[in-house]
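What the coordinates show
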Amino acid sequence: MKGEFLSEKTKAVLWKVVLEYREKRKMALLRNNLEYENFREELYQIKKKAISEIESLKKKAISALKENGINVFEAKDVKEAREIIEKLAEGKTKIIKSKSNVFNEIEEEGFLTDKELTETDLGDFICQIMGEKESHPVLPAIHLTPEEIAKKIKEKFNVDLESKPEKIANFVRNLLREKISQSEIGISGANAITSDGKILILENEGNISLVSKWPQTHIIVSGFEKIVENLESALKIVKASAIWGTGQDFPVYVSIISGPSKTADIQNQVVIGAQGAREVNLILIDNGRTKLLKEGFEELLYCINCGACLNFCPVFHQIGRNYGSKYLGSKGIIFAGFSESFKKAVDSNCFSCTSCMACYQNCPVKINLPELMKKLRGYLEKENLQTGVNKEMIENIREFGNPFGKTEEGKIPKRLYCC
Amino acid sequence: MKIFEKILGGNTLYYPGCLTKFVAKELKEKYEKILRKIGIDFIELSELEKCCGSPALKAGYLEDFKKLAEENLKIFKDHSVKKIITNCPACAMTFKIEYSKALGKEWNIEVLHISQVLEKAIKEGKIKKKEIKEKITFHDPCHLGRGMGIFEEPREIIKSQGYEISEMELSRNESFCCGGGGGVKSNEPELANKIAKDRIEQAKKTGAKILCTNCPLCYLHLKENAKEIEVKELIELFEDL
């Protein structure tokens, strides 16, 4: 296993949050009058259909988005995506950013370092000033206490704060408003894109509304797997993201963006750029996704990034973000195998998965992650990336018909390779 | 009797699986005894028994797994096996779900986890119910519960032996893994032990003095990591075996 174990303190915080989340999720389903299995099946069918016809949906979406005045770029890998962003940001320095998993894919040391980039999601902002990486896709700063955060704020901004969540949130609100008012570019992700050219972004904080509307230029980075047929399907995904992500009925805000801001208030002449972004750019990144489709891992592209697969994962509860790569958990490991390298999948602790199926049980779109994990391990076997222990186990099976090898009467095998 | 059954409908095989056969041997004898006691006529393959392929499959040796499935099918056919009873959830899930996927229609052997057989025997009055005497908690093995949807059968068996179940915060569909599966016990023992210790703590919170489970790996792994709580395999609750 690579990396450290979580501290007992972090583990306790994580469990408290997760158990509260479980209750909230139950209540949210109840209030929405949704039955767990039925809604999962409905979501699964939406994503299954969309991914099965993704090529044609993508073509349709791109042409509709362009028609709506959105610049669409396709990037085959992270390098191309970085180049597109750098070009769009040429001559500008002040960037504000909201949470984006795809941006995390693209990021590397040195990228946009000549710019001033500010995280506007509270959890991400805290991680940014603490110099730490997110520890959960929906709850990035879950591992930090209010005391630790207040201490860092004192260090960094020389402000004495009571270590209470509301005091911290208020301080960051005021600080970020200044940054936002000066910003030239806003970068966000997307939660769903419809084939008729609408981009949906959900949030609770209000920062995404500002990121997407205040600066002149809005850059949206997304994977093409976010495309679904219509707004009705997209809104179901938004609802599921809220229920499974945080246990809410619905997000506080959902932005539906179908073009740059415009007005025709003066003699009915269309002017682009009223109060919102004057320029909307969408970058659709591949980065291994086509490979996943071709190799029979299409289910992975159903993912809506709610993070529910981690919440009851026994391995995540021990090693946190060391379990995964750019994305966390078994999803992240499989994704790393195809977007980075098979070696990276091994280093992301691919052999730590216990195949317990808690991720599958908790996934709103029914991605059978343990099944995909077995398949991934099959690739690792072909690439000669197996563990020494597994090699011993398979040799024993081949030679003796059992995983323990030559068994002596009255002796118990030393290693239990079973199950 | 066997020839008669062969003509009628084939043999019932008791398949303990490698872990029970070579490591948790004490369980094997008890399971054999109870099957006899409830009148099940079964055969065993003993030396001829081969690994079901679960560890190979989980580790990604997909070709080895396919080969094992084919070899096992041949062995079972040679012995006119029509039904397999196993006490190992991993073997049960492998035979029932994975063999169907790997072998298609050729695989037509009925697969039962032993808890299904014992629960039926309780219903039929072949196992006598005892008075409730003690509190116990139950750990749902992942492959049995989430894997095969078997949640109530082991609970009925536990109750029949005079225990009241005090459920853990995470149980049934939401059960928390013991940490041993998927090759983690052998590949990452430190991680596996840490997960088991957390599961033990969850069990202790119920106030029960006994933690019961019915998977040989969960049993051995939890037992190894248990403190201040006794870990018992389901069959060990039967005092008269």
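See above for the structure.
In this report, the structure presented in the accompanying data block is examined. All residue numbers here refer to positions counted from 1 along the written sequence of the relevant chain. By the order in which they are written, chains take letters starting at A while ligands take numbers starting at 1. Thresholds applied to this predicted model are a pLDDT of at least 70 for local features of residues and 80 or more for the giving and counting of side-chain atom pairs; totals over whole chains, interfaces and linings are not thresholded and use all residues.

1. Describing unusual backbone geometry
Residues and elements named next belong to chain A. For Asn-287, which is not glycine, the phi torsion reads 45 degrees and is therefore positive. Here a strand is any run of E in DSSP of at least two residues, a helix any run of H or I of at least four, and the numbering for each starts at the N terminus. Within the secondary structure, Asn-287 is located in the loop between strand S12 (279-285) and helix H11 (289-294). Put simply, a residue is buried when 20 or more other C-beta atoms lie within 10 Å of its own C-beta and exposed when 12 or fewer do; between those, it is partly exposed, and each C-beta is set from the backbone. Assessed through the 23 C-beta atoms surrounding it within 10 Å, Asn-287 is described here as buried. One non-glycine residue with positive phi stands out, namely Asn-384, at about 60 degrees. Topologically, Asn-384 is positioned in the loop between helix H17 (369-382) and helix H18 (388-400).

2. What about the environment of Leu-202 of chain A?
Residues and elements named next belong to chain A. Secondary-structure assignment places Leu-202 in strand S6 (residues 199-203). Leu-202 sits in the buried class, given 22 other C-beta atoms within 10 Å. Every residue in contact with Leu-202, bar those within four places of it in the chain, is listed here: Asn-191, Val-238, Ser-241, Ala-242, Pro-251, Tyr-253 and Val-254. Contact definition: two residues whose C-beta atoms, as placed from backbone geometry, lie within 7 Å.

3. Regarding the interface of chain A and chain B
Contacts between the two partners involve 40 residues from chain A and, on the opposite side, 40 residues from chain B. The set of elements that each furnish at least two residues to the side of chain A that touches chain B consists of helix H16 (358-362), H17 and H18 of chain A. Looking at which element gives the most residues to the side of chain A that touches chain B, the answer is H18 of chain A, with 6 residues. Split into classes, the residues belonging to the side of chain A that touches chain B amount to 24 nonpolar, 11 polar and 5 charged. Put simply, Ala, Val, Leu, Ile, Met, Phe, Trp, Tyr, Cys and Pro go in the nonpolar bin, Asp, Glu, Lys and Arg in the charged bin, and everything else, Gly too, in the polar bin.

4. Looking at the nonpolar core
Remark: nonpolar core denotes a set of buried Ala, Val, Leu, Ile, Met, Phe, Trp, Tyr and Cys residues whose joining runs through C-beta atoms within 7 Å. Leu-200, Val-221, Ile-283 and Leu-300 of chain A together with Leu-19 and Leu-217 of chain B are the most contacted members of the largest nonpolar core, which has 173 residues in total. Not counting the four nearest positions on each side in its chain, Leu-19 of chain B is found in contact with Leu-416 and Cys-418 of chain A together with Ala-24, Cys-88, Pro-216 and Leu-217 of chain B. Of all hydrophobic cores here, the second largest spans 9 residues; its members include Ile-126, Ala-141, Val-172 and Leu-176 of chain A.

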